[in-house]
Amino acid sequence: MTDTTSQSDASIESSDNRPRSRAESESNTRSRLRPGNVRRFLAWCALAVCSLLAVYALFRFYGSVSAAIDLWVEPRHQPLIHAAFNLVVLLSSLVGISLLVRELSNGGD
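Residues numbered from 1 in each chain as written. Predicted model: local features only at pLDDT ≥ 70, side-chain atom pairs only at ≥ 80, totals over all residues. Heavy atoms only, no water.

### Some remarks on the pattern of salt bridges
Here's step 1: On inspection of all chains with the given rule, the structure shows two salt bridges.
Here's step 2: Two residues, Arg39 and Glu103, come together in a salt bridge whose shortest N-O distance is 3.7 Å. Of this pair, Arg39 sits in helix H3 (residues 35–72) while Glu103 sits in helix H4 (residues 78–105); the two residues are 64 residues apart in sequence, bridging distant segments of the chain.
Here's step 3: The exposure class assigned to Arg39 is partly exposed, which follows from its relative accessible area of 46%.
Here's step 4: For Glu103, a relative accessible area of 35% gives the class partly exposed. (Salt bridge = Lys/Arg side-chain N within 4 Å of Asp/Glu carboxyl O. Helix = DSSP H or I, 4+ residues; strand = E, 2+ residues; numbered from the N terminus. Buried < 20%, exposed > 50% of the residue type's maximum accessible area, 1.4 Å probe, protein only.)

### What to know about the confidence of the model for the chain
Here's step 1: Per-residue pLDDT for the chain has a mean of 78; in total, 69% of the residues score no lower than 70.
Here's step 2: The element-level mean pLDDT for the chain is lowest in helix H1 (residues 2–14), coming to 51, with H4 highest at 89.
Here's step 3: Predicted confidence is poor over residues 10–14, with pLDDT under 50, and the contacts of this stretch with residues over four places away or in other chains come to zero contacts. (pLDDT = per-residue confidence, 0-100. Contact = heavy atoms within 4.5 Å.)

See the structure below:
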């Protein structure tokens with residue numbers, strides 16, 4: 001007989017489908033807004049803003065450097081200078097991306 005009561009108690013506890021009160025839902029919302037979660041969200045926002053600014057600046061900078069290379073470098077050496085410049089831009093951006101991805105994958109710890 002004790003088995004029946006313990007089974008009925010367990011089924012009552014596991015089937016708690018009652019509507020949550022406003023205080024309970026607010027506490028769940030607050031638990032999601034922990035400092036670690038807020039910091040991670042801000043890091044993602046910073047990554048998005050920095051990425052957009054970097055793309056815009058990269059296009060402008062690339063155009064300016066290309067014009068300077070065309071002006072100052074002898075035409076037969078221009079392809080080599082353009083390739084070197086593009087390689088430096090690519091490596092710099094990969095370093096920045098890897099640092100941000102490492103920060104985001106560690107969860108800010």
